[in-house]
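Chain by chain, the residues:
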Amino acid sequence: MTTASPNASPTAASATDFSQLPLSPATLANLQQLGYLAMTPIQAASLPPALLGKDIIAQAKTGSGKTAAFALTLLANLNPRRFAVQTLVLCPTRELADQVTTEIRRLARAEDNIKVVTLCGGVPLRGQLATLEHGAHIVVGTPGRLMDHLERQSLQLDALNTLVLDEADRMLDMGFFDDIVKVARQCPKERQTLLFSATYPEGIAKLAAQFMRDPVTVKVEAQHAGGQIEQRWYQVKDSERLHAVSQLLLHFRPASTLAFCNTKAQCRDLVGVLQAQGFSALALFGELEQRERDQVLVRFANKSCSVLVATDVAARGLDIASLAAVINVDVTPDPEVHIHRIGRTGRAGESGLALNLASMDEMGYVGRIEQLQGRESEWHELAELTPTGKGPLVPPMVTLHIQGGRKEKIRPGDVLGALTADLGYTREQVGKINVNEWSTYVAVDRDIAQQAASRLNDGRIKGKSVKVRVLED
Ligand code: ADP
Ligand code: MG
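Residues numbered from 1 in each chain as written. Chains lettered and ligands numbered in written order. Predicted model: local features only at pLDDT ≥ 70, side-chain atom pairs only at ≥ 80, totals over all residues. Heavy atoms only, no water.

Looking up the chain in an unreviewed UniProt entry gives the name ATP-dependent RNA helicase DbpA, with the organism given as Hydrogenophaga taeniospiralis CCUG 15921.

A. Structural view of the packing of helix α3 (residues 66-76) against helix α4 (residues 94-108). Following both chains from N to C, one finds α3 and α4 inclined at 55 degrees, their axes separated by 10 Å at the closest point. With respect to α4, the element α3 is oriented oblique. As α3 runs across α4, the sense of the crossing is right-handed. Mapping the contact onto sequence places T67, A68, F70, A71, L72, L74 and L75 in α3 and V100, E103, I104, L107 and A108 in α4. Its residues assigned to classes, the contact of α3 with α4 comprises 10 nonpolar, 1 polar and 1 charged. (Axes fitted to C-alpha atoms, helices over the stretch in contact; angles between N-to-C directions. Helix = DSSP H or I, 4+ residues; strand = E, 2+ residues; numbered from the N terminus. Parallel < 35°, antiparallel > 145°, perpendicular 65-115°, else oblique. Left-handed = near helix turned anticlockwise from the far one by under 90°. Contact = heavy atoms within 4.5 Å. Nonpolar A, V, L, I, M, F, W, Y, C, P; charged D, E, K, R; others polar.)

B. Representation of the UniProt feature "domain: DEAD-box RNA helicase Q" (unreviewed entry) in the chain. In this numbering, the UniProt entry assigns the feature "domain: DEAD-box RNA helicase Q" (unreviewed entry) to residues 16-44. Measuring from the first to the last C-alpha atom of residues 16-44 gives 6 Å, for a span that is 45% helix and 0% strand. (UniProt positions renumbered as here; feature names shortened; annotations may be inferred.)

C. Seen up close, the sheet that holds strand β8 (residues 229-235). Strand order in the open sheet made by the 7 strands is β10-β11-β9-β12-β13-β8-β14, with parallel pairing throughout. Edge positions in the sheet fall to β10 (281-284) and β14 (379-380), since each of these pairs with one other strand and no more. Two strands pair when backbone bridges link them, and β8 and β14 are joined in this way by 2 bridges, in the parallel orientation. What sits directly across from W233, in β14, is W379. (Pairing = 2+ DSSP bridges.)

D. Structural context of the site of ligand 1. As a structural note, the neighbourhood of ligand 1 is formed by 16 residues, with Y36, A38, G63, K66 and T67 the closest of them. The side chain of Y36 places a nitrogen or oxygen atom 2.4 Å from an oxygen atom of ligand 1. In this structure, an oxygen atom belonging to ligand 1 sits 3.1 Å away from a main-chain N or O atom of S64. Contact with the protein chains hides 78% of the accessible area of ligand 1, taken as 570 Å² for the molecule alone. (Near = heavy atom within 4 Å. Polar contact = N/O pair within 3.5 Å; in protein donor to acceptor, adjacent residues only side chain to side chain. Areas by Shrake-Rupley, 256 points an atom, 1.4 Å probe, with all protein chains shown as cover.)

E. Structural detail: the side chain of D55. With respect to the element layout, D55 can be found in the loop between α2 (41-51) and β1 (56-59). Although D55 is buried, it makes no salt bridge; R213 carries the closest opposite charge, 4.9 Å away. Within polar-contact distance, the side chain of D55 engages the backbone nitrogen of T193 at 2.8 Å. Here the side chain of D55 touches R213 through a polar contact of 2.7 Å, landing on its backbone nitrogen. The residues touching D55, leaving out its near neighbours within four places in the chain, are R191, Q192, T193, M212, R213, D214, P215 and V216. (Buried < 20%, exposed > 50% of the residue type's maximum accessible area, 1.4 Å probe, protein only. Lys, Arg positive; Asp, Glu negative; His and termini not counted. Salt bridge = Lys/Arg side-chain N within 4 Å of Asp/Glu carboxyl O.)

F. The sheet that holds strand β2 (residues 87-90), seen in detail. Spatially, β3-β4-β2-β5-β6-β1-β7 is the arrangement adopted by the 7 strands of the open sheet, whose pairing is parallel. Looking at the sheet topology across the chains shown, the edges are occupied by β3 (116-119) and β7 (216-219). Across the sheet, the mean angle from the axis of one strand to that of its neighbour is 15 degrees, orientation sign disregarded. In the sheet, strand β5 (residues 162-165) pairs with strand β6 (residues 192-197) via 4 bridges, with the strands oriented parallel. Bridge pairing in β6 places L165 opposite L195.

G. Quick peek at the side chain of T162. Mapped onto the elements of the fold, T162 is located in strand β5. Note on T162: relative accessible area 0%, which makes it buried. In terms of polar contacts, T162 uses its side chain to reach the side chain of N77, at 2.8 Å. Of the polar contacts made by the side chain of T162, one reaches the side chain of N161; its length is 2.6 Å. The residues touching T162, leaving out its near neighbours within four places in the chain, are L74, N77, Q86, T87, L88, Q192 and L194.

H. Focus on the packing of aromatic side chains. The full count for this structure, using the stated rule, is 2 aromatic pairs. Seen from their ring centres, W233 and W379 are 5.8 Å apart, and the 45 degrees between their planes marks the pair as tilted. With W233 in strand β8 and W379 in strand β14, this residue pair connects regions lying 146 residues apart in the sequence. (Phe/Tyr/Trp six-rings, centres within 6.5 Å; stacked < 30°, edge-to-face > 60°.)

I. Just the domain arrangement of the chain, in detail. Per the domain assignment, the segments of the chain are domain 1 (2-219), domain 2 (229-384) and domain 3 (397-471). The C-alpha-based centres of domain 2 and domain 3 are spaced at 31 Å. The interface of domain 2 with domain 3 comprises 9 residues on the first partner and 12 residues on the second. Carbon and sulfur atoms supply 50% of the area that domain 2 and domain 3 bury against each other, a total of about 830 Å² over both sides. Viewed at the interface, domain 3 and domain 2 are joined by 0 salt bridges. The interface formed by domain 2 and domain 3 contains 4 residue pairs in polar contact (both at pLDDT 80 or more). Residue classes in the side of domain 2 that touches domain 3 are distributed as 2 nonpolar, 3 polar and 4 charged. (Domains from an automatic or database assignment. Buried area = accessible area lost by both parts, 1.4 Å probe.)

Following this line, the structure appears as structure tokens:
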């Protein structure tokens, strides 16, 4: 039997075609090239009113394509021939500001020479002042550092036409309410304001009321397609909770796992237990220094660490490709947060696995989750879990840290060249390469890691000798 959808005519443009939007042919061609073949639901809901110039409050879960929704709007408002800051994007952290900058640059490459500048704390002001003097069209930054520049008048906003608040919920969590309001007050009144958020806590409406004009609210329900994610629940006593996580990992052996805890203390305890048992696990929580945070994320994303343990706040907004499994170590009191957590697995048509531990005390929360999902939980026994394979899963790659990054003009190709052309390794033995401002990380096959590190240490990259070390757990 064949089935055909009633509007499957190959020529008619569907409601999710980017070509429905008033975008330039060059932009449309660029979207094609990037593989953006159709709008995501939040893009389809927010772009039409946004491109008409309306203020927008948009809410959709992490990974739903919110960045492109505001980036395409701010680019449409931009006049590249005018050398002045026309857009300001506020982000909660440097890492998210970097991600947003990268995405805006990708989307802007259809146009000629649009300058995007990132202004975040933790970096000397001096370099930023010099960069700003060279002119910028778009500024992406964290509220604190942007306030610094406004106070020093190194950042002029009189030509601004678009103000974006990205991850507004997280900025509120981090106590940026007053700074955001102050920055917004310094923007011209005639402007478009776009607010994006994964969740919709009370503070958002309060924030919007301060400086948005008749905002259109678009919301894409957090409800997940459901079928793609297999959810299993296990009842545990608090005393057996952390050990149960290792039982789950030994039984299911997911290639990559994000384990959510409700508190930092729980993250720390769990990572301690897992590492002691030989798992390749790292923790991500609020207090880490930026450099440590970068390393944790790089190692998880490049397959040299298989378990990331995180709090909700620390994990929010991270663009991690599909995960084999999510483990809810603690049940979250907020059922929407549960949906966000498990939505990290089973992306892009792949099947996902969400494993949940719940104690008697948490059954009330489980009830709320069932209500929101409209289905009952599937319970399993811990006793069903039997280790498969030999010991904890060993990740396929190891990360080498190279001292030196963009500031030394190192590019990914230079590192790949040093490993393949100079040292004779195959391309397949080299994984993801991340070049940051001051350091470079390259994933290599576990088998060659030690040898590759010492040979790189003795050799050269871009004609310079470099310091290389293996990042161990
Ligand atoms: P969010 O900000 O909602 O968490 P992002 O903007 O970071 O999500 O987007 C998540 C991923 O989806 C990114 O890797 C981005 O490049 C990709 N993406 C965004 N829009 C589309 C699209 N229309 N088609 C395909 N991929 C997209
Ligand atoms: Mg985002």
